[in-house]
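# Survey of secondary and tertiary structure
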Amino acid sequence: MTAAPPSTSISEAPAGGRHRRWYRDPGRLVPVLLVLLGFAVLASVEAPRGRFRTDVIAGRDEAFSFEFAVSIIAPLGRGLYTTARATVLAFTITLVLGLVLALLRRSGSRLVRWPAAFVIEFIRSTPILVQFIFFQQLVRAIDGVSLGAVQILILVLGVHYATYASEAYRAGIDSVPKGQWEAAIALNLSPLTTWTRIVIPQAVPNVLPTLGNYLVAALKDAPIAGPVLGVPGILFAATAIRGDTFRQVEPFLLAGAGFLLVSLPAAWLVRRLEARVAYERT
Amino acid sequence: MEDLILSEGQYRQLLVGLRVTLSVLGWSFLLGVVLSLSVGVMRLSSNRVVRGVALVYVEFARGISSIILLFIMAYAIPILFGFQQGSRLLLASLALGLNMGGYGAEIVRGSILAVPKGQTEASIALNLTPFQRLRFVVLPQALRIILPPFGNLTIEILKGTALVSLIALTDLMQVVSIIRQQQLANQVSDVTGLFVNVLMIYFVIAQVINGVFRLAERALDRRFSSRPGDLPTLGGPATAAAGAGG
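Keep in mind that what you see is a predicted model, and the values were worked out from it rather than measured.

Each value, and the rule that gives it
- Residues numbered from 1 in each chain as written.
- Chains lettered and ligands numbered in written order.
- Predicted model: local features only at pLDDT ≥ 70, side-chain atom pairs only at ≥ 80, totals over all residues.
- Heavy atoms only, no water.
- Helix = DSSP H or I, 4+ residues; strand = E, 2+ residues; numbered from the N terminus.
- Contact = heavy atoms within 4.5 Å.
- Areas by Shrake-Rupley, 256 points an atom, 1.4 Å probe, with all protein chains shown as cover.
- Buried < 20%, exposed > 50% of the residue type's maximum accessible area, 1.4 Å probe, protein only.
- Patch = residues over 30% accessible without salt bridge, like charges linked within 9 Å, V, L, I, M, F, W, Y side chains within 5 Å.
- Salt bridge = Lys/Arg side-chain N within 4 Å of Asp/Glu carboxyl O.
- Axes fitted to C-alpha atoms, helices over the stretch in contact; angles between N-to-C directions.
- Parallel < 35°, antiparallel > 145°, perpendicular 65-115°, else oblique.
- Left-handed = near helix turned anticlockwise from the far one by under 90°.
- Nonpolar A, V, L, I, M, F, W, Y, C, P; charged D, E, K, R; others polar.
- Core = buried A, V, L, I, M, F, W, Y, C linked by side-chain atoms within 4.5 Å.
- Buried area = accessible area lost by both parts, 1.4 Å probe.
- Polar contact = N/O pair within 3.5 Å; in protein donor to acceptor, adjacent residues only side chain to side chain.
- pLDDT = per-residue confidence, 0-100.
- Phe/Tyr/Trp six-rings, centres within 6.5 Å; stacked < 30°, edge-to-face > 60°.
- Lys NZ or Arg CZ within 6 Å of the ring centre and 35° of its normal.

Right, let's get into the overall build of chain A. Along chain A, the regular secondary structure elements total 12 helices and zero strands. In chain A, the succession of helices and strands from N to C terminus is α-α-α-α-α-α-α-α-α-α-α-α. Residue pairs at least 24 apart in sequence account for 77% of intrachain contacts in chain A once pairs closer than 6 positions are excluded. Summed over its atoms, the accessible surface of chain A is roughly 15800 Å², and 65% of this surface lies on carbon and sulfur atoms.

Shown next as structure tokens:
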């Protein structure tokens, strides 16, 4: 890093330098486009419906049947897709609501700040399993409202992780140097401009790795909705195959393996993002 | 408001479930701490094999979902290893503890790395054995950094204990389902009271865990009031505070 002398840092850096707008920088534009494309595909394509079953019959005294294991990869994959899709949709709620909660928690009024802090702390420290069931029963008790299992999963998971994300956003906002705020005031920028053009663009990159970690964590919590709400996700698929065939070693081991196949690369990507953000900050 | 208070019998039922929840929490915490410390130290070993084993374990424990690990423990492991009547409670604690160990090991590793290198060098110069170095010099200083994230991790494990109801253990959450069934049989349609109660129980336990870790931090601060780099304090709390502020 070549540190620019303070006198030139105020004026616009030359075109092609480090201060190009982010959408002109292919190193940033390409990942963003890829993420958006992946999101669009996930949001619009549902996993094919159908029962989770296999026609392969394994010997009774085999502890682990390879043939049987191979035959259940397809239905388990279908379940994994449903789980991943619900997680990603839930995470859009997390990203937006998390920021809102973070702003509420920083509000100047105690009447806003304290309830927000309590709600965040309460949702964060109670099990998501209980929240799933509570919300499901609540929805059932209210007349005229009917939500599918997947919708309940998306809502509860999204709100649960929004409370985590709000803490991350808060740390990110606090990490913006005070001088930036003071400069915005000195330049007579409106609060809206200060937030959208000064604070958030500086806060969000610092927060991205943490948010990525929470996305992976949310993916790991999503299968809980299978046995509880009946979302046809990966765990639901595994239990369905178990009920169908009375074999329980292969479905659960494969479910675990399938999970590692998704979450390990995801964690690796997050670590790369972390390294990159740390590099750009120096 | 009176909907929020359950009957005495129901509270007694919840208490039974609470005991199971707490014992799962206790066992998995114990296992988690042991695993965190040992694997965290193994991650920094100079031996490549030891380091590799620790890394594989950490990646596995952090990559897999705790609910799926729980199901593997409860359903696949007993058949694979040929024991039929394993204690579900211990198997569940094993799953949650393994899970916690993966996260905890990374915390321990990071904290040990954060202890200034001069401390290790000084203890080598003083001819301490590697174990003494760890036990008397590095770990006590790392503990200050370890404690706050460990509190959060313990709360995550507390939240994870609710999952054991899905493998047919009668924990707090399972009792709630039973009470709910009874309510439905008695045509009680209100669900808020029951769930507010149980959420409050979890919330209170989480706050207690939080408090215990805060107390531990304070106790530690009092015991090792000088930070790395500070001179030993002679003048009591005032100078200690001044040193800590810098």
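Now, onward.
A separate point is the overall build of chain B. Helix and strand counts for chain B stand at nine helices and zero strands. Reading the secondary structure of chain B in the N-to-C direction produces α-α-α-α-α-α-α-α-α. The burial tally for chain B puts 42% of its 246 residues in the buried class. Within chain B, contacts between residues separated by at least 24 positions form 74% of all contacts whose residues are at least 6 apart in sequence. Of the roughly 12800 Å² of accessible surface on chain B, 64% is carried by carbon and sulfur atoms.

Attention now moves to a nonpolar patch on the surface. Side chains of Phe64(A), Phe66(A), Val70(A), Ile73(A), Leu80(B), Phe81(B) and Phe83(B) sit close together on the surface and give an oily, nonpolar patch of about 700 Å² of accessible area. Locating Phe83(B) in the fold gives a position in the loop between α3 (66-80) and α4 (88-114).

So, about the packing of helix α11 (residues 234-245) of chain A against α3(B). When two helices pack together, their arrangement is given by the angle between the helix axes and by the axis-to-axis distance. Contact geometry for α11(A) and α3(B): axes closest at 11 Å, N-to-C directions at 20 degrees. Taken together, the axes of α11(A) and α3(B) are roughly parallel relative to one another. Where α11(A) crosses over α3(B), the handedness of that crossing is left-handed. Facing α11(A), whose interface residues are Ile234(A), Leu235(A), Thr239(A) and Arg242(A), α3(B) presents Ile67(B), Ile68(B), Phe71(B) and Tyr75(B). Residues that form the contact of α11(A) with α3(B) fall into these classes: six nonpolar, one polar and one charged.

What follows deals with the nonpolar core. Counting 107 residues, the largest nonpolar core has Phe132(A), Met173(B) and Phe195(B) as the members making the most contacts within it. Discounting chain neighbours no more than four positions away, the residues touching Met173(B) are Leu129(A), Val130(A), Ile133(A), Ala162(B), Ser165(B), Phe195(B) and Tyr202(B). Counting seven residues, the second-largest nonpolar core is a separate cluster that includes Ala54(B), Val58(B), Ala61(B) and Ala105(B).

Moving on, we get to the interface of chain B and chain A. Taken together, the contact between chain B and chain A spans 36 residues of the former and 39 residues of the latter. Buried area between chain B and chain A, both sides added, is near 3300 Å², and the carbon and sulfur share of it is 77%. Area buried by chain B at its contact with chain A is led by Ile68(B), Lys159(B) and Leu199(B), which between them contribute 18% of it. Counting across the interface, chain B meets chain A through one salt bridge. The tally of links from chain B across to chain A stands at 12 residue pairs in polar contact (both at pLDDT 80 or more). No other element matches the 10 residues that helix α8 (residues 192-223) of chain B contributes to the side of chain B that touches chain A. Tallied by class, the residues present in the side of chain B that touches chain A amount to 24 nonpolar, seven polar and five charged.

Of the residues in chain A, 90% reach a pLDDT of 70 or more, and the chain-wide mean stands at 83. Note that pLDDT drops below 50 for residues 1-16 of chain A; the model gives that stretch four contacts with residues more than four away or on any other chain.

In this section: the pattern of salt bridges. Residues and elements named next belong to chain A. Here the structure, examined in full by the defined rule, presents 10 salt bridges over all chains. Ionic pairing is found between arginine 170 and glutamate 167, a salt bridge with its closest N-O pair at 3.4 Å. Highlighted residues: arginine 170 and glutamate 167, both in helix α7 (residues 149-174), separated by three residues, approximately one helical turn. Given the relative accessible area of 26%, arginine 170 is considered partly exposed. Glutamate 167 gets classed as partly exposed once you look at its relative accessible area, which sits at 22%.

It is worth spelling out the packing of aromatic side chains at this point. The full count for this structure, using the stated rule, is 11 aromatic pairs over all chains. Taking 5.3 Å as the distance between ring centres and 85 degrees as the angle between the ring planes, the aromatic pair formed by Trp181(A) and Trp195(A) counts as edge-to-face. Linking Trp181(A) in helix α8 (residues 178-186) with Trp195(A) in helix α9 (residues 191-221), this pair joins segments that are 14 residues apart in sequence. Under the relative-accessibility criterion, Trp181(A) is labelled partly exposed at 24%. These aromatic residues form a ring-pair network of at least three members: Phe118(A), Phe122(A) and Phe203(B). The aromatic ring of Tyr164(A) is capped on one face by Arg124(A), whose charged end is 4.9 Å from the ring centroid. Over the face of the ring belonging to Tyr75(B) we find Arg242(A), whose NZ or CZ atom lies 4.0 Å from the ring centre.

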